[in-house]
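Coordinates in review
So you can see what is in the structure, the chains are spelled out below.
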Amino acid sequence: MRSVTCVLICLMAGRIAMAADPPARGNQDLPPDDVIVVLPGAPESKPEPPKPSPAPKPAPPPPSVPHASAKAAFPPSFEQNSAVFCQSMIGQWTTDDARFLLGEPRRERPAYGENRSVNGRIYAFPDPTGRYRELELDFESGSGLLRTVFVYPQNMTWQDCRKQWGGGVSATDADKGRKFYSYVDRRLDVLVDAAGKVISLGLY
């Protein structure tokens, strides 16, 4: 009797448990309510890398400028003989005229008269023609005009002078064995050293 009662109690307890938690039929494959499902969407678009900016175009080269001639345009008579040309300017040129043609002088010094008083100014210029080593122009103090031209040849002898201008001269001895020749038929003086080499020509 006691055993039958125990079996009944156990059967009733099992039924109560099953009634409290009945098996869910047909819903076994459904996810629980708190699960988040991500639906497939459009593929993410990757940002394109920035395109490099185009390199700046090189600036066009500046227009070519023709180089100025290194040699000035001198009068033809000056090109032929710069000393004779300057002699023709005696009584006409001022220092500004000389600078205009010859440029700035290398140096300058006072010119003296017979009583050793300053009566002018001598300016030394290079000879742009290359015929002479140097040109010295003597300008009078009062008028400011050119009055004498001294030139220093590159390589000239007294014999060269005689061939070119003849021998009609008056000679005067100078210091250190030098000779001073003054032509009687032209406005030209020649200073020669003891070896017969021409030091300078004076044109007036």
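Presented here is a report on the structure given in the accompanying data block. (Residues numbered from 1 in each chain as written. Predicted model: local features only at pLDDT ≥ 70, side-chain atom pairs only at ≥ 80, totals over all residues. Heavy atoms only, no water.)

Considering the environment of V151
Short version of the rule: Labels follow the DSSP assignment, with helices taken as runs of H or I lasting at least four residues and strands as runs of E lasting at least two, numbered in each case from the N terminus.
Inspection of the secondary structure puts V151 in strand 4 (residues 146–153). The sequence separation of V151 and I199 amounts to 48 residues, and the corresponding C-alpha distance is 8.8 Å.

Quick look at the layout of surface pockets
Quick note on the threshold: Lining residues are defined by having an atom within 4 Å of a point belonging to a cavity or pocket. Those points lie on a 1 Å grid over the protein atoms alone, cavities being sets where a 1.4 Å probe fits but cannot get out and pockets being open sets with protein on both sides within 12 Å along at least five of seven lines. Grid points are joined across faces, edges and corners, and a volume is the space filled by probe spheres set on the points. Residues are grouped as follows: Ala, Val, Leu, Ile, Met, Phe, Trp, Tyr, Cys and Pro are nonpolar; Asp, Glu, Lys and Arg are charged; all remaining types, including Gly, are polar.
Here the largest pocket defines a volume of roughly 310 Å³. Lining the largest pocket we find 17 residues, and of these F150, F180, L191, S200 and G202 sit closest to its centre. Elements with a minimum of two residues in the lining of the largest pocket: strand 1 (107–112), strand 4, strand 7 (188–192) and strand 8 (198–203). A per-element tally of the lining of the largest pocket places strand 1 first, with four residues. Residue composition of the lining of the largest pocket, grouped by class: eleven nonpolar, three polar and three charged. Estimates place the volume of the second largest pocket at around 160 Å³. Lining the second largest pocket we find N81, A83, V84, Q87, Y132, Q164, W165, R186, R187, L188, L201 and L203.

Regarding the nonpolar core
For soluble globular proteins, nonpolar side chains are generally found buried alongside one another. Heads up, the condition is: The definition of a nonpolar core used throughout is a set of buried Ala, Val, Leu, Ile, Met, Phe, Trp, Tyr and Cys residues joined through side-chain atoms within 4.5 Å. Relative accessible area decides the class of each residue, using a 1.4 Å probe on protein chains only: under 20% of the type maximum gives buried, over 50% gives exposed, and in between gives partly exposed. Every residue pair with non-hydrogen atoms within 4.5 Å of one another is taken to be in contact.
W93, L137, V151, C161, V190 and L201 are the most contacted members of the largest nonpolar core, which totals 31 residues. For C161, the residues in contact, after removing those within four places along its chain, are M156, G166, Y183, V190 and V198.

A few points about the sheet that holds strand 1
Using the following cut-off: For two strands to be treated as a pair, DSSP must find at least two bridges joining them. Orientation is described by lines fitted to C-alpha atoms, with helices fitted over the stretch in contact, and by angles between N-to-C directions that extend from 0 to 180 degrees.
Strand order in the open sheet made by the eight strands is 1-2-3-4-8-7-6-5, with antiparallel pairing throughout. With one partner strand each, in any of the chains shown, strand 1 and strand 5 (169–173) form the two edges of the open sheet. Averaged over neighbouring strand pairs, the angle between their axes works out to 20° when direction is ignored. Bridge count for strand 1 against strand 2 (residues 118–125) is six bridges, and the pairing is antiparallel. When the sheet's bridge partners are listed, R107 is paired in strand 2 with A124. Lying over the sheet, helix 4 (residues 95–102) contacts strand 2 and strand 3 (132–140), oriented at roughly 160° with respect to strand 3. Helix 5 (residues 158–165) contacts strand 5, strand 6 (179–183), strand 7 and strand 8 of the sheet and is inclined by roughly 5° relative to strand 6.

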